[in-house]
Amino acid sequence: MAEEELRDIIEKCQILDEEEFKGEDFHLFQVAGQKCLEEGYTAEVLEVIQNEKNRAIVKIMGWNLLGPLTRCILKHKEGDVKREHCLKMLDKLTELCIPKELVLGFLEQIEQASRTQTSQTVLLLLKPLQEVLLKLHNKKAYSLGLSLSTILNQLSHLPVPYTKQQLQEDEHGLCRCCNDLTHFVKPFVDDVVQHLAASLGGEYKDMKEELLGFCLKSLEYPLLMADLDQLPEETLQHPLRQFAADILGILINIKELFPRVFLWHGCRNKNWDNEDLLEMEKEKSADSLACLSYIVFVQDGFDMDCLPVVFRPSYILQCNMVHIRVLLKRTEESVLSKGLALLENCLLRLEDKSLFLEHLEFKGFITTPQDLVKVITLCPFEPLRKKSLKILQLYIDKFDEEGKYTLFRCLLKTSKHSGVEGYIIQNIKNQIDLALRRPEGSKFFTGFSLVSLLDMALSLPEGAETDLLQNSDRIMASLNLLRYLIIKDNEDDNRTCVWTELYKIERTFLKPLHVGLNMSRAHYEAEIKNKKENRESYSSKSCSVKVPGEKMPAMTTEMELKVLRSALFTFDLIESVLARVEELIETKTQPVTGETTGIK
C-alpha cells in the first residue's frame, strides 16, 4: 500500500515542472516515503531515488526523507541490506538535493536525536554534512558555525570519560565524535590557511571566527572536564588528548594561539577585579582560555613548540593568574586539578624570592593563596587538599621577605581556619629563625616591623571566650612560636622585640588563655560527670552530630565520652606548653644572684 502511494505521487510529479510542485505534493511524497521505509520497502525507495527520471523530484523534495532515512539507518545493524539501501539513498540525496535545505535537515536530525543516539546520529551525518557545506557559496561561514554549534551543544549532554577503562570503552561515543569532528573541519581550516597570506576579508574572515569559536567551545567542553594526562601505557592512545592536540593545531594554523594564550597580557598595568572576571564570563571564554593555558604550559602543548621561549617566568605567572583563578573557583575534581597544576607549573619556573611586594598589588596574586586555602579546607578530594597545601608553601617561598611579610598578614586575616593559621604561624617562626641566624637580621622579621605581625600571631581570636578546641592548631602554633622567641632571643638583645611586647602578650594572650582553659576544662569535666551519672538512661539513646554539608552517624554515650576525654587531652597539651612558656619567661626575667652565678 505504501509502495503504491509512493509510485502514484512520483508518476504525478514526473509530468510537472519544478515550479509546479505544490505543498500537497511535498506532503504526500514525505508520508508515502516514510511509510515505505518504516514498512521495510527500502529497495523500492532506493530505486525511485536512483531513477534519473525522478532527478527533479528528488532535488526538490528528497530532503524531506532525511528524518525517516536516519531513523531507518540507526535501526538496522551494519551489514544489514536495508541499512545499505538507506546509506545509498543518503549519498544520493547529498548529491542531488539543495545544499541549504540539506544543511537544515541534517542539523534538525542531530538536534532531535535522543541522548542514547546522539553520537550515532552525529557520526552518521558528519560526512554528508561536510560535503553539503563545501558546496555552499553564500553564507558558508554562517552555515559552518551553525553546524558546529549545534553538534557541540548536543555532545555537551554526553558524559566525559575519565578513567582509562571509560576512555577505552567510549560507551557514549564522545571520543569518536571528537575525532571525526577534527576531520570534519579540516577542509575549512585548509581554506582559511590558504588565504591567510592575504588579509582575510569577508567570508574567510567570518570562517576563521567560526573555527575559533569551535576551538574555544571544545576547550570548554569536553576538554576542560577531561583528564588529559598521558595514559600509563605508551601504546594506548588517549583519544581526548589527541583531540586537544588537534584543537591546538587548528589554533596554530589559523594564527590564533598566541593571541589567545596572552589575551590578558595587559594585566601588568591593571588590577583584576570582579568586573574583569564578569567581562570574561560574558564573553563565555574564561573557562576555554584557562583550559588552553593549561594545555600549553602544563602539557607543553603536546610537544608542539607552539610558543617562543622569550618570556620571563614572572610574566608567565602574571598572564596565567587570571586563568588560575577561574579554575580554582570551580568545584569539579578535573578542573581544580588543572588549576593547581597550572599554578604549580608557573611557580616552578621561578626562583625562590624572585617575587616582590609589587606583585601582591595585583589582585590575582593576593586572592590566589586565599583560593588555595579554600581548596585546602573545603575540597572533598584529599589528594587535591594535600597538593594545595604543598603549592601554598611553594607560593610563599617565591616571595622575598617583604612579600612574605605582607602575605602572612593577609592570610592570618582572611583564612578563618585554625589549621591554616597554625601553618602560617609556623612559617612566620621559620622566617624569624632565618633572620636571627644572620648578624644583620631582617627588616621585616626582626626589629620593630615584626611587632604588628606578632600581635596577630600571638592572640586569641575571641579572647577568653575563644573555642579552644576549635582553635587548638592555631593556639599550639602560637605557643610554640612564643616559646621559640623566649629561648632564642635574649632579653638584652631583644632583636624580635618580644621582651618589649611581653607585657602586652601576657595581657592579650597568656592570661586569657589561662581563663579559657579553666572555663573549658570545667565545662567538659562537668559534661563527663553528667554522662557517667546518666549512663544507663543514655545507653539506650543516641544523638546525631551535624557537620557542614553532611550528617554524621549517631553517637552512643560511650562515643560521646571518648570525644569529651579527647578534648580534655587537648587542653592538657595546651596547658603543658603554656606552663613551659611561662616557666621560660620566669627563668629569663628573674634577677641574677650570686648563688645562681657561682659568685660570692
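Think of each chain on its own: its residues are numbered from 1, step by step along the sequence as written. With pLDDT at 70 or above as the cut-off, local features in this predicted model cover only qualifying residues; side-chain atom pairs require 80 or more to be listed or tallied, and sums for whole chains, interfaces and linings still use all residues. Note: side-chain values were computed over all heavy atoms of the structure, leaving out hydrogens and water.

### Considerations on the overall build of the protein chain
- Put simply, DSSP H or I for four residues or longer makes a helix, DSSP E for two residues or longer makes a strand, and each gets a number counted from the N terminus. The helix and strand inventory of the protein chain stands at 28 helices and two strands.
- Counting only residues that meet the buried cut, the protein chain has 49% of its 600 residues in that class.
- By sequence separation, contacts in the protein chain at least 24 residues apart represent 75% of the contacts at least 6 residues apart.
- As presented, the protein chain carries roughly 30,400 Å² of accessible surface, and 50% of it is formed by carbon and sulfur atoms. Classification of residues uses two cut-offs on accessible area relative to the type maximum, computed with a 1.4 Å probe and protein chains only: under 20% is buried, over 50% is exposed, and between them is partly exposed. Two residues qualify as a contact provided that any one of their heavy atoms is within 4.5 Å of a heavy atom in the partner residue. Areas reported as accessible are Shrake-Rupley estimates using a 1.4 Å probe. Residue values count occlusion only from the protein chains shown.

### Looking at a nonpolar patch on the surface
- A cluster of nonpolar residues, Leu104, Tyr142 and Leu146, forms a patch on the protein surface that exposes about 300 Å² of accessible area.
- Inspection of the secondary structure assignment puts Tyr142 in helix α9 (residues 140-155). Patch membership requires more than 30% relative accessible area and the absence of a salt bridge. Residues of like charge join within 9 Å; the nonpolar side chains Val, Leu, Ile, Met, Phe, Trp and Tyr join within 5 Å. Salt bridges are defined as contacts in which a side-chain nitrogen from Lys or Arg sits within 4 Å of a carboxyl oxygen from Asp or Glu.

### What to know about the packing of helix α11 (residues 174-194) against helix α13 (residues 239-253)
- Put simply, α11 and α13 touch, their axes get as near as 10 Å, and they point 10° apart. One element, α11, and the other, α13, form an angle in the roughly parallel class. Relative to α13, α11 is oriented so that their crossing is left-handed. For the pair formed by α11 and α13, the contact residues are Cys175, Cys178, Thr182, Val185, Val189 and Val193 on the first element and Pro239, Leu240, Phe243, Asp246, Ile250 and Asn253 on the second. To obtain each axis, a line is fitted to C-alpha atoms, and for helices this fit is confined to the stretch in contact; angles are then taken between N-to-C directions over 0 to 180 degrees. Here the angle decides the label: under 35 degrees means roughly parallel, over 145 means roughly antiparallel, 65 to 115 means roughly perpendicular, and every other value means oblique. Left-handed describes a crossing whose near helix is turned anticlockwise from the far helix through less than a right angle; right-handed describes the clockwise counterpart.

### Digging into the pattern of salt bridges
- According to the stated counting rule, one finds 23 salt bridges in the structure shown.
- Two residues, Arg474 and Glu421, come together in a salt bridge whose shortest N-O distance is 3.3 Å. A residue pair is termed long-range when its members are at least 10 positions apart, and Arg474 in helix α24 (residues 472-488) and Glu421 in helix α22 (residues 418-436) qualify at 53 residues. Just as Arg474 is buried, Glu421 falls in that class too.
- Two residues, Lys504 and Glu501, come together in a salt bridge whose shortest N-O distance is 2.9 Å.
- A cluster of three or more residues bridged by salt bridges with shared partners is formed by Lys208, Glu256 and Arg260.

### Section: the side chain of Ser288
- Position of Ser288 among the secondary structure elements: in helix α16 (residues 286-298).
- Polar contact criterion, stated in full: a pair of N or O atoms within 3.5 Å, where within protein one must be able to donate a hydrogen and the other to accept it, and residues adjacent in sequence count only if both atoms are side-chain atoms. Here the side chain of Ser288 touches Leu216 through a polar contact of 2.5 Å, landing on its backbone oxygen.
- Dropping the residues within four chain positions of it, Ser288 is found in contact with Leu216, Lys217, Leu219 and Glu220.

### What about the layout of surface pockets?
- Within this model, the largest pocket holds a volume of roughly 540 Å³.
- Only protein atoms enter the 1 Å grid used here. Points where a 1.4 Å probe fits but cannot escape make up a cavity, open sets with protein on both sides within 12 Å along at least five of seven lines make up a pocket, and a residue lines them when an atom lies within 4 Å of a point. Taken together, 19 residues form the lining of the largest pocket, with Lys416, His417, Ser418, Gln470 and Asn471 sitting closest to its centre.
- Elements supplying a minimum of two residues to the lining of the largest pocket: α21 (401-414), α22 and α24.
- Of all the elements, α22 adds the most residues to the lining of the largest pocket, at three residues. Grid points are joined across faces, edges and corners, and a volume is the space filled by probe spheres set on the points.

### A word on the environment of Val185
- Secondary-structure assignment places Val185 in helix α11.
- In this structure, Val185 is in contact with Leu148, Leu211, Phe214 and Ile250, ignoring residues within four places of it in sequence.

### Notes on the confidence of the model for the protein chain
- pLDDT expresses how confident the predictor is about each individual residue, on a scale running from 0 to 100. Of the residues in the protein chain, 85% have a pLDDT of 70 or more, and the chain-wide mean is 86.
- This stretch, residues 538-550, has a pLDDT under 50; its non-local contacts, to residues over four places away or in other chains, come to 20 contacts.
- Here residues 594-600 is modelled with pLDDT under 50, and outside its nearest four sequence neighbours on either side it reaches two contacts, counting other chains as well.

### Focus: the side chain of Thr446
- Take Thr446: it is sitting in the loop between α22 and α23 (450-457).
- Using a relative accessible area of 8% as the deciding quantity, one classes Thr446 as buried.
- A distance of 2.6 Å separates the side chain of Thr446 from the backbone oxygen of Ser442, its partner in a polar contact.
- Residue contacts for Thr446: discarding those within four places in its chain leaves Ala435, Leu436, Gly441 and Arg495.

### Remarks on α13
- Spanning 15 residues, α13 covers 21 Å between terminal C-alpha atoms, matching the ideal 21 Å at 1.5 Å per step.
- Buried residues in α13 make contact with α10 (164-169), α11, α12 (202-223), α14 (257-261) and α16.
- Immediately beyond the C-terminal end of α13, within one or two residues, lies Lys255, with a positive phi of roughly 60°. Take the residue count of a helix, subtract one, and multiply by 1.5 Å to get its expected span.

### Examining the packing of aromatic side chains
- Aromatic pairing here means that ring centres of Phe, Tyr or Trp (its six-membered ring) are within 6.5 Å. Orientation follows from the plane angle: under 30 degrees is stacked, over 60 is edge-to-face, and everything else is tilted. Under the criterion given, the structure shown has nine aromatic pairs.
- Centre to centre, the rings of Tyr524 and Phe571 are 5.4 Å apart; their planes meet at 70°, and the pair counts as edge-to-face. Linking Tyr524 in helix α25 (residues 502-533) with Phe571 in helix α27 (residues 557-589), this pair joins segments that are 47 residues apart in sequence. The same class applies to Tyr524 and to Phe571, which are both buried.
- Each residue in the set Tyr405, Phe408, Phe444 and Phe445 is aromatic and connected to the rest through ring pairs, giving one cluster.
- The positively charged end of Lys338 is found above the aromatic ring belonging to Tyr294, 5.4 Å away from the centroid.
- A ring has a charge above it when a Lys NZ or an Arg CZ is no more than 6 Å from the ring centre and no more than 35 degrees off the ring normal. One cation-aromatic arrangement involves Lys429 over Tyr484; the distance from NZ or CZ to the ring centre is 5.0 Å.

### Focus: the nonpolar core
- In terms of nonpolar packing, the biggest core is built from 179 residues, with Phe214, Leu317, Ile432, Leu479 and Leu513 touching the most fellow members.
- Considering each element in turn, this core owes the most residues, eleven residues, to α27.
- Sequence-distant contacts of Leu317, that is, excluding residues within four places in its chain, are made with Ile324, Leu343, Cys346, Leu347, Leu350, Leu355 and Phe365. Nonpolar core, defined: a set of buried Ala, Val, Leu, Ile, Met, Phe, Trp, Tyr and Cys residues in which side-chain atoms within 4.5 Å join the residues together.

### So, the packing of α9 against α11
- At their nearest, the axes of α9 and α11 sit 12 Å apart, and the two run at 170° to each other. In terms of their interaxial angle, α9 and α11 are classed as roughly antiparallel. Between α9 and α11, the residues in contact are Lys140, Leu144, Leu148, Ile151, Leu152 and Leu155 and Leu174, Cys177, Leu181, Phe184, Val185, Phe188 and Asp191, respectively.
- Residues of the contact of α9 with α11, tallied by class, amount to eleven nonpolar, no polar and two charged. Three residue categories are used. Nonpolar comprises Ala, Val, Leu, Ile, Met, Phe, Trp, Tyr, Cys and Pro, charged comprises Asp, Glu, Lys and Arg, and polar comprises the others, including Gly.

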